[in-house]
Amino acid sequence: MNQKNKTIAEALREGKLRLKAAGKEAYAFEAELLLEKAAGLNRTALFLRGEEELSDEVLTVYEGYLSEREQGRPTQYILGEWEFMGLPFHVGEGVLIPRGDTEVLVETILEKQQAEPMKSILDIGTGSGCIPISLGHYGKFEKIMAVDISQKALGYATKNAVKNHINIDFYESDLFSNVPAEWKRRLDAIVSNPPYIPKKDIEELMTEVKDFEPMNALDGGEDGLDFYRAIVEQGKDWLKDGGWLFFEIGYDQGEDLRKLLHESGYTEVEIRQDLAGLDRVAMGRKGAL
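About the cut-offs
Residues numbered from 1 in each chain as written. Predicted model: local features only at pLDDT ≥ 70, side-chain atom pairs only at ≥ 80, totals over all residues. Heavy atoms only, no water. Helix = DSSP H or I, 4+ residues; strand = E, 2+ residues; numbered from the N terminus. Buried < 20%, exposed > 50% of the residue type's maximum accessible area, 1.4 Å probe, protein only. Contact = heavy atoms within 4.5 Å. Pairing = 2+ DSSP bridges. Right-handed = clockwise from strand over helix to strand, strands pointing away. Axes fitted to C-alpha atoms, helices over the stretch in contact; angles between N-to-C directions. Arc of directions from axis to C-beta. Core = buried A, V, L, I, M, F, W, Y, C linked by side-chain atoms within 4.5 Å. Salt bridge = Lys/Arg side-chain N within 4 Å of Asp/Glu carboxyl O.

Broken down by element type, the protein carries 11 helices and 9 strands. The buried share of the protein, taken over its 289 residues, is 53%. Of the contacts made within the protein by residues no fewer than 6 positions apart, 66% connect residues no fewer than 24 positions apart.

What follows is the structure in structure tokens.
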């Protein structure tokens, strides 16, 4: 090294300033996460060893991460891993980033399972696999299946199931098209966090979302309800009588889903809110035909 290298504290300070200037809301947290990955340190070490110099190699890697983030690439993709329900998940381009909002959906299903037996469940549009894997880790399911139309997403989901030691049957499938027919009218539950952004709203999304996350996991059609309609209708062929349908929904879609489920013959329809008080989960029970 020809000159004194930056210390951990100096590099962190510079990273925060750069991300703040780039308009990143969580600039301090993200700068820390990126430096932790570049230096191979945890958060405690960053602060306890702040006066230690960083090597040229680490600084180069950190600079690269900061540049990627300045250009809009999500921190989660740069890190290659993100936590959901306290579990680690591989993530990257081609798969939706697990979000804390979705934990409300998982918690709702686990709560319902405490009240009545649910042994089999199918996840539609599994993405990273965060929903079925979390249900497998914390729940008491005997059979968990998950589908996605994207081979890339299924690659991440399969890897994440192995990483978290959860046994799930994955199928490349457009909704129910490749689900084994033996499960018709036998499922205790179906869950989905489908694409639900109305087409006209896509352009209003943050750069991190619209330019980097997979469009087929975002676009819910003209009114954002295309996939809900399809799953609500087709799901009746797969749920047993009394089986449950669970959805994550957009903050302004609660009444639309309540109406859709009621009109399709589902009973005990309920809309649940997240911690911010926004509609987040829709659920309904299939009545006997």
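The next point concerns the pairing of strand β4 (residues 143-148). Burial runs high along β4: 5 of the 6 residues are buried. Alignment of strand β3 (residues 120-124) against β4, held across 5 bridges, turns out to be parallel. Paired with Ile-124 across the strands is Val-147, a residue of β4. As for the winding sense of the linkage, the β-α-β connection from β3 through helix α7 (residues 130-138) to β4 is right-handed. The pairing of β4 with strand β5 (residues 169-172) spans 4 bridges and is parallel. Looking across to β5, one finds that Val-147 is bridged to Tyr-171. Regarding the hand of the β-α-β motif, the stretch spanning β4, helix α8 (residues 151-163) and β5 is right-handed.

We now examine the sheet that holds β3. Spatial strand order, β5-β4-β3-β6-β7-β9-β8: 7 strands in an open sheet with mixed pairing. One side of each edge strand has no neighbouring strand; the edge strands of this open sheet are β5 and β8 (266-273). Neighbour-to-neighbour, the strand axes of the sheet open up by a mean angle of 15 degrees, direction not taken into account. Pairing between β3 and strand β6 (residues 187-192): 4 bridges, direction parallel. Counterpart to Asp-123 in the pairing with β6 is Val-191. The sheet strands contacting helix α6 (residues 103-115) are β3, β6, β7 (239-248), β8 and β9 (279-286), and the helix crosses β7 at an angle near 155 degrees. Sitting on the sheet, α8 is in contact with β4 and β5, with an inclination near 175 degrees to β5.

This part is about the side chain of Glu-32. Within the secondary structure layout, Glu-32 lies in helix α2 (residues 27-39). The class of Glu-32 is buried, set by a relative accessible area of 6%.

Turning to its location among the elements, His-90 is positioned in strand β2 (residues 87-90). Residues His-90 and Gly-80, 10 residues apart in the sequence, show an inter-C-alpha distance of 5.7 Å.

Let us look at helix α10 (residues 226-235). Looking at α10, one finds that the buried residues are Tyr-228, Ile-231, Val-232 and Gly-235. Looking straight down α10, one finds that the buried residues subtend no more than 100 degrees of arc, so they occupy a single side. Against β3, β6, β7, α11 (254-263) and β8 lie the buried residues of α10.

Ranked by size, the top nonpolar core spans 30 residues in total, and within it Ile-109, Ile-121, Leu-135 and Phe-246 carry the most contacts. The dominant element in this core, judged by the number of residues it contributes, is α6, at 5 residues. Every residue in contact with Ile-109, bar those within four places of it in the chain, is listed here: Met-118, Ile-121, Leu-135, Phe-141, Val-191 and Phe-246. Ranked by size, the runner-up nonpolar core spans 26 residues in total, among them Leu-225, Tyr-228, Phe-247 and Leu-260.

Time to look at the pattern of salt bridges. When the charged atoms of two side chains lie near each other, side chains of opposite charge can form a pair. For the structure on display, the rule yields 25 salt bridges. The partner of Arg-18 in a salt bridge is Glu-70, and the shortest N-O contact between them spans 2.8 Å. Placement of the pair is Arg-18 in helix α1 (residues 8-21) and Glu-70 in helix α4 (residues 56-70), with a sequence separation of 52 residues. Its salt-bridge partner being Asp-237, residue Arg-185 comes within 3.7 Å of it at the nearest N-O pair. Of this pair, Arg-185 sits in the loop between β5 and β6 while Asp-237 sits in the loop between α10 and β7, and the two are 52 residues apart along the sequence. Residue classification places Arg-185 among the partly exposed positions, given a relative accessible area of 44%. A relative accessible area of 34% means that Asp-237 is categorised as partly exposed. Through salt bridges with shared partners, a single ionic network connects Lys-6, Glu-14, Arg-18, Glu-63 and Glu-70.

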